[in-house]
Amino acid sequence: MNPAFSVIFLTTLSGTAQGVVVALALAALSGVPMSRGYQVIALGCAAVLAIVALAASFFHLGRPERAWRAAARWRTSWLSREVIVLPAFIAAAVLWAWLVARGTSAPWPPLLALLLAVALWVCTAMIYACLRFIAEWAHPFTLVTFSFTGLAAGLTLACALAATLAETPLLAAAGASALVATLLAGVARVLSLRRNAALKPRSTLRTATGITATPIRQISMGMSAGAFNTREFFHHATAATVRNVKLIALVAGFVLPAACIAWALATGAIAPWWLAVLVQAPGLVADRWLFFAQARHPQNLYYQRVA
Amino acid sequence: MQLALVIDLNVCVGCHACVTSCKEWNTGGAAGPLTDQHAYAADPTGTFFNRVQTYEAGTFPDTETIHFPKSCLHCEDPPCVPVCPTGASYKRKEDGIVLVDYDKCIGCKYCAWACPYGARELDEGRQVMTKCTLCVDRIHDEALAPDDRKPACVKACPTNARLFGDIHDPQSDVAQAIRERDGYPLMPEWDTKPANHYLPRRVNKAP
């Protein structure tokens, strides 16, 4: 597939926002003391990230002025469900922040935000995982890697804020989990990349055309230049570029952030937390680019030769 | 009723008359316009509902050239329909045609991702998803002579490689052709049950 930056930013920014909210909700529900200022700032960061993600999604639409219609088919479409759950998640985070700012502390706002964050991961991942003939996506790994990378990014950001604002109890409770989440996300991603590399496409030119004589090759795709089919479903990047993006994704997305977090945990310094955030962000963008670029759509069988 | 095309790969000569006739009817019909971009430049591109591709099979000197018309297959279980977030993509109960409501489509392209055949093309001018309509604005039009109530591609084909009819009616030309000449669907592995079928080539050995 041709990775669309609108969708890459939608999923990575929203995933980070969900991770921050889940980290804070779990801390709040398990009774970790957090200052009001910290909670409002962290939840505000999550809300801003999710709002930017929502705004990015509009750039993927040909007719953004009709976006409201996308809430209609929630019974059958995971995309429709995501369109409903993402604003609900933002509203829950903002509501929780507002209640905290007013000095109310009830267990239901973090619980509601937690449930919506998890529901959003399921919706986002299922948009891809439900397309059964895109083998790279149609696997539980999609849900696992989306939620784990979001959790890793969110925990890292929550801890960076906590370190800056001297939220010692939260940092003690969540610091190690940020490292564990980053390592787990990296392991899950490596396993999913290994699975992708070993996949054998189920569709072949023979099943796509029904021509039984062998070998079959395409002489003409029926047009002299490209079409939507050649623009949308091919990433047009060289194999070397894809390899480099993969290296950047794994090193900047998981290895370096884990090293920075370990450094921060060992020394108690604030700077390594922010270094982790800064290096992780482009790494996860590269990782999500790779997620889209690696998906081999069966329609590509019909578009192998411009002539 | 399930209207469909049955394409005879024995007689398609790859003349692209179905392609141009489809474009002509649909760019001016209820589905149009089908936008072209850079039409006179080095990289012309545009929206088409129907393409004729060419394949070569076998090893020289025993090779054959197969012209392969390709359009929306109007699947009986279309994977593009349930994924549509707005309901713009739908399958008609009365005749089985899969259509897009261009007034509801938001151009999110998710239906195109969900079609294993690449049958859908986003119109770059109107920014909505488009696809073969089986000339729905033509086949039911009682103002036309009965012989003209066929898709434009079927009317245009000079070798009668394109049959049109109801594959659920066992007496129809299309159902008989599928039955008697081993008509097959594309990518049967995905259980989409394409309504369009293809009639395989029968190689006549030289005496």
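Here is a short report on the structure shown in this document. (Residues numbered from 1 in each chain as written. Chains lettered and ligands numbered in written order. Predicted model: local features only at pLDDT ≥ 70, side-chain atom pairs only at ≥ 80, totals over all residues. Heavy atoms only, no water.)

Let's talk about the sheet that holds strand 4 (residues 50-59) of chain B
Reading across the sheet, the 3 strands line up as 1(A)-4(B)-5(B) and stay open at both edges, with antiparallel pairing between neighbours. On the outer flanks of this sheet lie strand 1 (216-220) of chain A together with strand 5 (62-71) of chain B, each paired with one strand and no other. Sheet twist, expressed as the mean angle between neighbouring strand axes with direction ignored, is 30°. Sheet topology places strand 1 of chain A next to strand 4 of chain B; 4 bridges connect them, and they run antiparallel. Across the sheet, Ile-216 of chain A pairs through a bridge with Ala-57 of chain B, a residue of strand 4 of chain B. (Pairing = 2+ DSSP bridges. Helix = DSSP H or I, 4+ residues; strand = E, 2+ residues; numbered from the N terminus. Axes fitted to C-alpha atoms, helices over the stretch in contact; angles between N-to-C directions.)

Some points on the pattern of salt bridges
Counted by the stated rule, this structure contains 15 salt bridges over all chains. Between Arg-63 of chain A and Glu-65 of chain A there is a salt bridge; the shortest N-O distance is 3.3 Å. For Arg-63 of chain A, a relative accessible area of 23% translates into the label partly exposed. One salt bridge connects Lys-155 of chain B with Asp-147 of chain B, and the closest N-O pair in it is separated by 3.6 Å. (Salt bridge = Lys/Arg side-chain N within 4 Å of Asp/Glu carboxyl O. Buried < 20%, exposed > 50% of the residue type's maximum accessible area, 1.4 Å probe, protein only.)

Digging into the nonpolar core
Grouped together as the largest cluster of nonpolar side chains are 91 residues, with contacts concentrated most on Tyr-128, Trp-137 and Tyr-302 of chain A together with Trp-113 of chain B. With 7 residues, the top contributor of residues to this core is helix 10 (residues 271-294) of chain A. Tyr-128 of chain A has contacts with Val-7, Thr-11, Trp-137, Thr-142, Phe-146, Phe-291 and Phe-292 of chain A together with Tyr-110 and Trp-113 of chain B, leaving out every residue within four places of it along the chain. With 59 residues, the next largest nonpolar core counts Val-32, Ala-160, Ala-181 and Trp-273 of chain A among its residues. (Core = buried A, V, L, I, M, F, W, Y, C linked by side-chain atoms within 4.5 Å. Contact = heavy atoms within 4.5 Å.)

Overview of the interface of chain A and chain B
If you look at the interface, chain A gives 60 residues, while chain B gives 57 residues. Glu-124 of chain B is the salt-bridge partner of Arg-231 of chain A, the closest N and O atoms lying 3.2 Å from each other. Applying the counting rule to chain A against chain B returns 35 residue pairs in polar contact (both at pLDDT 80 or more). Looking at the side of chain A that touches chain B, the elements that each hand over two or more residues are helix 3 (78-101), helix 4 (108-129), helix 7 (205-209), strand 1 and helix 8 (228-232) of chain A. Looking at the side of chain A that touches chain B, the element that brings in the most residues is strand 1 of chain A, giving 5 residues. Its residues assigned to classes, the side of chain A that touches chain B comprises 33 nonpolar, 18 polar and 9 charged. (Polar contact = N/O pair within 3.5 Å; in protein donor to acceptor, adjacent residues only side chain to side chain. Nonpolar A, V, L, I, M, F, W, Y, C, P; charged D, E, K, R; others polar.)

As for the side chain of Arg-138 of chain B
All names here are of chain B. One can find Arg-138 in helix 3 (residues 136-139). Buried and unpaired, Arg-138 has Asp-148 as its nearest opposite-charge partner, separated by 4.7 Å. At a separation of 3.3 Å, a polar atom in the side chain of Arg-138 contacts the main-chain carbonyl oxygen of Asp-148. When neighbours within four sequence positions are excluded, Arg-138 is seen to be in contact with Trp-25, Leu-144, Asp-148, Arg-149, Lys-150, Pro-151, Ala-152 and Lys-155. (Lys, Arg positive; Asp, Glu negative; His and termini not counted.)

What about the pairing of strand 4 of chain B?
All names here are of chain B. Summarising burial for strand 4: 8 of the 10 residues are buried, a large majority. As judged from the 10 bridges shared by strand 4 and strand 5, these two strands associate in the antiparallel manner. Directly across from Arg-51, in strand 5, lies its bridge partner Lys-70. If you look at the hairpin formed by strand 4 and strand 5, you'll find 2 residues sitting between the two strands.

Purely spatial values, then, with no claim about function.
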